[in-house]
Amino acid sequence: MAENRAGSILAVDFGNVHTRAVLIDLVDGTYRPVGYGEVMTTAGFPHGDVNVGMVRALHQISHGTGRQLLHPDQTVLSPELPDRSGVDSFLVTTSIGRPMRTVMIGLTRDMSVASALRAVAGTYVQVVETLTLEDDRDESAQINAIILSRPDLFFLVGGTEAGAQSTLLQMASRAALAMRLMGDDRRRLVLFAGNSDVEPQLRELFGPYAIVLTADNVRPTSEREQPAQASAQLASAYDSVAEQRGAGFDRVAASSALGVLPTAQSYGLITRYLARVQGSALALDVGSAVSTLSAAIGDRSTTTIRNDIGLGHSAGSLIEASGFARVQRWLPFVIDDNELLAFSLNKSLRPGTVPENLRELYLEHALMRAGAEMLVQTARPLWTDEANANPDASLPPFRVIIGAGAVFANTGRPGLSAMLLLDALQPQGMSELLLDGNALIPALGALARVQQAAFVQLLEAGGIIALGTCFSVSGQPRPGKSALRVRITLPDGEVVRQEVMGGTLWMYPLSLGVRALIDVRVVGRGITIGGKRKIRREVIGGTAGIIFDARGRPLPLALTAADRAGQMPTWYAQATGDEVRPINPEWLEATARKKESSQDVMPPRKERSKQRRGGERDAKTEQRAKEAQERKVRERFHSGGSPQAADVQDDSQRGKDDIDELRNLFS
Amino acid sequence: MNYETYFPEQRHLLPLTIFRRDRLLPVDATGSIEVARGDRVDLHTVVARGATLAPFTIIEAARVLRLRRPEQLEEQLQVQVGEPVQAGELLAGKAGRRRRGVLSPITGTVVHIGDGRIILQEEGENLIVEAGVNGHVVDLRRGRGALVEGIGAVLQGVWGNDRRATGTLRMEPSNGFEQVSREALDSPFHNAIVVTRRPLNMTSLQVIINQDLLGVIAPSIEPELIDAVRASPAAILLTEGFGSQRMSAILYTFLSNLEGRQATLDGVHPGILEARRPEVIVNVPLQSGEKPPAPRNDLILQVDMQVRVTRGNFAGNVGQIIGLPNTPIVLENGLRVHAAQIHLFTGETLYVPLENLEVFS
């Protein structure tokens, strides 16, 4: 792709709750963010038009920079004029609204359809129907299923190059018949990424009913997979569907040279880039309706999107997906299932609100941690070959970890943001923690397509906020005993020494950008920092300073709410530097009366061993009861939620991929 | 983002305003529009008629008739595209014991004939969309309905059970919603939309059925009642949310002032990208020459503005802004956020995050 060297760039990202804009320009020959705007998204009532929010965000930037960015008719002024009003490039990303409802048609689930699923990485796709040769429904049933699923997109794959044709055409003709019977005048999208020999026949078949996009065969041979081009075409399809959705996206798309791009692809691109530079990278974006986890280790990268995990619109479906226990284990008080469900449903009714008291704070953070756990479990088997069997395996070391989403970005306390990221992902070893506080990543992802220099310069210039370097202890340090012996040599030669106790967090306030030499030594048996007993490393301070997490991995959360009430407020205090905010004892008493769960009520010590022996059976019975209750909840939401929303894709490229254009920069 | 550039969430509570509302068939329905631009409409004017999407049945007619070529089917056809058919009706070939014929397995319509096949579609459920308000049509939505403008009072809630009803607005009996069932048969609650200030429970849901209530405006329900509320024949609107919150005094008073008027309760189930809110609209007669204002959608927070708190210990309370600090405030939970200082009408003064405030427009 030819690079556009023109100067100023305006990037706008439409989230389900927030619309964020960033103005990027050349400052002393280097691209820098020069202005930010953030407002509530206006897709819903009363405006029903995302442009209203965008204009408000651009006014914020104009207010801060003095630069006019809009025409009098409120459209983006482009190109930039000599008086510095306007911008040269206007880029738009979005994660807003529902995912693209997609009918997947392929020959076999294990081959072409599996590759197609990997191709949808980084795009908000919900596979609503899958037709393969293994499908034993009759033709009427298949066609009715397609029609009733109200698809936006038909993704056709199958047949190796120079391979099967007739079967693929037969299946395609069913899709064409379904389109004809839909009877509306909307032209659907067809993306074909199968045996290229049948493309002319498919164009003829779908011509009257659909816009046909084509891409390289995702499975040209039984051994080879190439989902990259299909993935890029899916972004185009998403753009087209976003336009059709209304809410003013058609006007936004018309103003942007690249149309409307899916936000999640940006996370994939960033982690791939960082992994090539630093070895491995992980990005977690917990949004209101959708959450995304992008991981890159060496050349392997994956993006996992879950439309049922979010802290706003999807808070209700998060509970449905996770079950109550997974959330409750992160709470330092007892709460009955009904109250927890009411909390999450109310959050989905008012997704932009923030926790106002301590109880709400813990509840919201517990939802986030439970959601992140599920996201990691979904993604985990795809990260490395060794990990395939075990979704619960601990996180492999990631050199860079990025957090995004209001739950991390809007705490106003960098230490708290860092701790939440550590809790959510439980990284091992030494990691750089970054926070996308200004939602720059969506912009960067779009930018990489048109101005690679700007992409690299913004990343290297610290466009994403550095929270700090974190040293995480693996294993189980003994609480109250020394776990880490830390020596920090500051630039002026001053030396700071600290013993970090097991079960605690310690954050040294090394100022942002200041370098220091760290000597850290593990004390005690069975614990390491990513397999090492001592590390000597120069680090640069972040907004949270330098972080030493001696709590252990996996994080030793206490088993009872009463014990967590002693544990978690201390962690929060260590992360923020505030006094400990104690848990109201009534929150625990209420629990003990309401709950008979052994999980939540710690028995007297004498009885513990007895219970340990005989209690396993009780625990299983209780677990079964809990699962039954959770099944009921799932059924209750069955009509609304989509359990198959875990659209998992592995977009490993190993060769030609969509960041070819960046390759020179990577080297 | 601080208060100067923050546009707060709006949830209308307007005693007299001009409103515009879409009246549309569901997305997957097909149908026709029954009004024209400029038409006057009343509560029960039919704006659009249609039918839900119904399943298709594919019949391999040429194969059944053992025809050599699919084109030969044309000579054997007994029906045409668009023709309604009954189950058992002859579609192609000849009827009779020794003759070969294709009979319709369903009652529906012939929608396609070709390639040796006959495709039938079952009958969808008929739908009618009423205006639900007095006003006039200002625009048409192709194939789906119309945009109607009217004048009246608007109260928006947070959740609905996806039903709509039009009826007389009644406040619950002073001794509680459950007493509705003890009223005489000619009670004013029959076919009414009833307002209750207490959360709905299973008993109240039974009362709704027993007394044929058309709609209920309630503050909240426990989540375990969601299924029952969705299944309720009445349109139900929640003003506060899930749990056991009582209705805000300001909302209850607002509705009390409208008692006895015809109201339309639109229990929209809120969704992403949904530009509608669950709401109740009440047409209010105008004094001559009176022209009510349209809602203001571009309000920013200002001192003296009336706001509603949506979260925390004082959720549902209404008060007045008395301060808008320029710098973030550390809340009791440790979060550092932009907040407004609010004096509640119940007497308390507190800082509330900007995101947790709603204005009424």
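Going by the structure above, here's the rest.
Residues numbered from 1 in each chain as written. Chains lettered and ligands numbered in written order. Predicted model: local features only at pLDDT ≥ 70, side-chain atom pairs only at ≥ 80, totals over all residues. Heavy atoms only, no water.

Peer 1: Help me get a handle on the overall build of chain B, residues and values and all.
Peer 2: Counting its regular elements, chain B contains five helices and 28 strands. The 361 residues of chain B split such that 50% are buried. Of the contacts formed within chain B by residues at least 6 apart in sequence, a portion of 64% connects residues at least 24 apart. Taken as a whole, chain B presents about 16700 Å² of accessible surface, with 45% of it coming from carbon and sulfur. (Helix = DSSP H or I, 4+ residues; strand = E, 2+ residues; numbered from the N terminus. Buried < 20%, exposed > 50% of the residue type's maximum accessible area, 1.4 Å probe, protein only. Contact = heavy atoms within 4.5 Å. Areas by Shrake-Rupley, 256 points an atom, 1.4 Å probe, with all protein chains shown as cover.)

Peer 1: Explain the overall build of chain A to me, using residue names and the numbers behind them.
Peer 2: Within chain A, the regular secondary structure consists of 20 helices and 23 strands. Buried positions account for 62% of the 667 residues belonging to chain A. Restricting the contact set of chain A to residue pairs at least 6 apart, pairs at least 24 apart contribute 69%. In the form shown here, chain A has an accessible surface area of approximately 25200 Å², with 49% of it arising from carbon and sulfur atoms.

Peer 1: Pulling in residues and values, what's your account of helix α16 (residues 452-460) of chain A?
Peer 2: Residue and element names in this part refer to chain A. Across the nine residues that make up α16, a large majority, seven, are buried. Of all the positions in α16, only Gln452, Ala453, Ala454, Phe455, Val456, Leu458 and Leu459 are classed as buried. One or two residues past the end of α16 sits Gly462, with phi positive at roughly 80 degrees.

Peer 1: With reference to specific residues and values, describe empty space enclosed by the protein.
Peer 2: In this structure the tally under the stated criterion is four cavities of 30 Å³ or more. Its volume calculated, the largest cavity comes out at about 570 Å³. The wall of the largest cavity is formed by 39 residues, among which His18, Val286, Gly287, Gly405 and Ala406 of chain A lie closest to the centre. For the lining of the largest cavity, the element with the most residues is helix α13 (residues 406-409) of chain A, which contributes three residues. Residue composition of the lining of the largest cavity, by class: 17 nonpolar, 15 polar and seven charged. In this structure, the second largest cavity occupies an estimated 90 Å³ of space. Lining the second largest cavity, in full, are Leu358, Leu361, Tyr362, Leu416, Pro569, Tyr572, Ala573, Thr576, Glu579 and Arg581 of chain A together with Asn333 and Gly334 of chain B. Elements that contribute at least two residues to the lining of the second largest cavity include exactly α12 (358-379) and α17 (561-576) of chain A. Here the residues of the lining of the second largest cavity are counted per class, giving seven nonpolar, three polar and two charged. (1 Å grid on protein atoms, 1.4 Å probe; cavity = no way out; pocket = protein on both sides within 12 Å on 5 of 7 lines; lining within 4 Å. Points joined across faces, edges and corners; volume = space filled by probe spheres on them. Nonpolar A, V, L, I, M, F, W, Y, C, P; charged D, E, K, R; others polar.)

Peer 1: Provide a residue-level description of the packing of helix α4 (residues 166-182) of chain A against helix α5 (residues 199-206) of chain A, including the pertinent values.
Peer 2: Residues and elements named next belong to chain A. The contact between α4 and α5 brings their axes to 10 Å, and the two run at 20 degrees. It follows that α4 is roughly parallel to α5 by the angle criterion. By crossing handedness, the relation of α4 to α5 is classed as right-handed. Residues Leu169, Ala172, Ser173, Ala175, Ala176 and Met179 of α4 form the contact with α5, whose participating residues are Gln201, Leu202, Leu205 and Phe206. In terms of residue class, the contact of α4 with α5 is built from eight nonpolar, two polar and no charged. (Axes fitted to C-alpha atoms, helices over the stretch in contact; angles between N-to-C directions. Parallel < 35°, antiparallel > 145°, perpendicular 65-115°, else oblique. Left-handed = near helix turned anticlockwise from the far one by under 90°.)

Peer 1: Which residues make up the side chain of Arg359 of chain A, and what values do they have?
Peer 2: By secondary structure assignment, the location of Arg359 of chain A is in helix α12. Residue Arg359 of chain A is classed as buried on the basis of its relative accessible area, which comes to 16%.

Peer 1: Give a description of the sheet that holds strand β23 (residues 318-323) of chain B that names residues and reports values.
Peer 2: Residue and element names in this part refer to chain B. Read from one edge of the open sheet, six strands run β1-β28-β22-β23-β26-β27, paired in mixed fashion. At either margin of the open sheet sits one strand with a lone partner, and together these are β1 (9-10) and β27 (349-353). Relative to strand β28 (residues 357-359), strand β22 (residues 306-309) is paired through three bridges, and the arrangement is antiparallel. Across the sheet, the residue bridging to Val309 is Leu357, located in β28. (Pairing = 2+ DSSP bridges.)

Peer 1: Quick one: what's the story with the sheet that holds strand β12 (residues 126-130) of chain B, residue by residue and with numbers?
Peer 2: Residues and elements named next belong to chain B. In space, the three strands of this open sheet follow the order β3-β5-β12, with antiparallel pairing throughout. The sheet terminates laterally at β3 (30-33) and β12, the two strands that pair on one side only. Pairs of neighbouring strands in the sheet enclose a mean axial angle of 20 degrees, with direction left out of account. Pairing geometry for β3 and strand β5 (residues 46-51), over four bridges, is antiparallel. Note that in β5 the partner of Thr30 across the bridge is Ala51.

Peer 1: Just give me the short version of the packing of aromatic side chains, but keep the residues and values in it.
Peer 2: Residue and element names in this part refer to chain A. Counting across every chain of the model gives nine aromatic pairs over all chains. Taking 5.1 Å as the distance between ring centres and 85 degrees as the angle between the ring planes, the aromatic pair formed by Tyr273 and Phe455 counts as edge-to-face. One end of the pair, Tyr273, is in helix α8 (residues 263-278); the other, Phe455, is in helix α16, with 182 residues separating them in the sequence. Across the pair, Phe455 and Tyr273 agree in class, each one buried. (Phe/Tyr/Trp six-rings, centres within 6.5 Å; stacked < 30°, edge-to-face > 60°.)

Peer 1: Please set out the side chain of Ser232 of chain B residue by residue, giving values where relevant.
Peer 2: Residue and element names in this part refer to chain B. Looking at the element boundaries, Ser232 is found in the loop between α4 (226-231) and β19 (235-242). Here Ser232 falls in the buried class, since its relative accessible area comes to 4%. Within polar-contact distance, the side chain of Ser232 engages the backbone nitrogen of Ala234 at 3.2 Å. (Polar contact = N/O pair within 3.5 Å; in protein donor to acceptor, adjacent residues only side chain to side chain.)

Peer 1: Lay out the pairing of strand β18 (residues 215-221) of chain B with the relevant residues and their values.
Peer 2: All names here are of chain B. Most of β18 sits inside the fold, with seven of its seven residues counted as buried. In this region the chain leaves strand β17 (residues 192-195), passes through helix α3 (residues 202-210) and returns to the parallel neighbour β18; the handedness of that crossover is right-handed. Where β18 and β19 come together, six bridges link them in parallel fashion. Paired with Ala218 across the bridge in β19 is Leu238. Crossover β18 to β19 through α4 is right-handed. (Right-handed = clockwise from strand over helix to strand, strands pointing away.)

Peer 1: Can you lay out the pattern of salt bridges for me, pointing to particular residues and giving the numbers?
Peer 2: One pass over the structure, following the stated rule, counts 46 salt bridges over all chains. Residue Glu279 of chain B is joined to Arg21 of chain B by a salt bridge in which the shortest nitrogen-to-oxygen separation is 2.5 Å. Separated by 258 residues along the polypeptide, Glu279 of chain B in strand β21 (residues 279-283) and Arg21 of chain B in strand β2 (residues 13-24) bring together distant segments of the chain. Per residue, the accessibility class of Glu279 of chain B equals that of Arg21 of chain B, and both read buried. Through salt bridges with shared partners, a single network forms among Arg350 of chain A together with Arg11, Glu240, Arg308 and Glu358 of chain B. (Salt bridge = Lys/Arg side-chain N within 4 Å of Asp/Glu carboxyl O.)

Peer 1: Hey, could you go over the interface of chain A and chain B for me, with residue numbers and the actual values?
Peer 2: Facing 57 residues of chain A, the contacting portion of chain B comprises 65 residues. Both sides of the chain A and chain B interface together cover about 5100 Å² of buried area, and 58% of this is carbon and sulfur. There are four salt bridges connecting chain A and chain B. Across the salt bridge formed by Glu364 of chain A and Arg311 of chain B, the nearest N and O atoms sit 3.0 Å from each other. For the interface between chain A and chain B, the tally reads 21 residue pairs in polar contact (both at pLDDT 80 or more). Listed by contribution, the elements that provide at least two residues to the side of chain A that touches chain B are β3 (30-40), α1 (50-65), α3 (139-148), α4, α11 (337-349) and α12 of chain A. A per-class count over the side of chain A that touches chain B returns 23 nonpolar, 18 polar and 16 charged. (Buried area = accessible area lost by both parts, 1.4 Å probe.)

Peer 1: Give me the lowdown on the environment of Glu199 of chain A, citing residues and values where you can.
Peer 2: All names here are of chain A. By the secondary structure assignment, Glu199 is in helix α5. Put simply, Glu199 and Thr214 are 15 residues apart on the chain and 8.0 Å apart in space, counted from C-alpha to C-alpha. Each residue touching Glu199, except ones within four places of it in the same chain, is listed here: Phe192 and Thr214.

Peer 1: Pulling in residues and values, what's your account of the environment of Trp506 of chain A?
Peer 2: If you trace the backbone, Trp506 of chain A turns up in strand β19 (residues 505-508). A C-alpha to C-alpha distance of 6.5 Å links Trp506 of chain A and Asp549 of chain A, two positions 43 residues apart in sequence.

Peer 1: Tell me about the packing of helix α9 (residues 315-322) of chain A against α11 of chain A, residues and numbers included.
Peer 2: All names here are of chain A. Orientation of α9 relative to α11, taken along the N-to-C sense of each, is 140 degrees, at an axis distance of 6 Å. Within the contact between the two elements, α9 uses Ala315, Gly316 and Ile319 and α11 uses Leu340, Leu341, Ser344, Leu345, Lys347 and Ser348. In terms of residue class, the contact of α9 with α11 is built from five nonpolar, three polar and one charged.

Peer 1: Residues and numbers for unusual backbone geometry, please.
Peer 2: The step from Ser78 of chain A to Pro79 of chain A runs through a cis peptide bond, and the omega angle for that step is 0 degrees. Note that Pro79 of chain A resides in the loop between α1 and β4 (89-94). That bond from Arg553 of chain A to Pro554 of chain A is cis: its omega, -5 degrees, falls within 30 degrees of zero. Of note, Arg150 of chain A is a non-glycine position whose phi angle comes to about 45 degrees, a positive value. Backbone geometry places Asp304 of chain B, a non-glycine residue, at a positive phi of 85 degrees. Among the secondary structure elements, Asp304 of chain B is positioned in the loop between β21 and β22.

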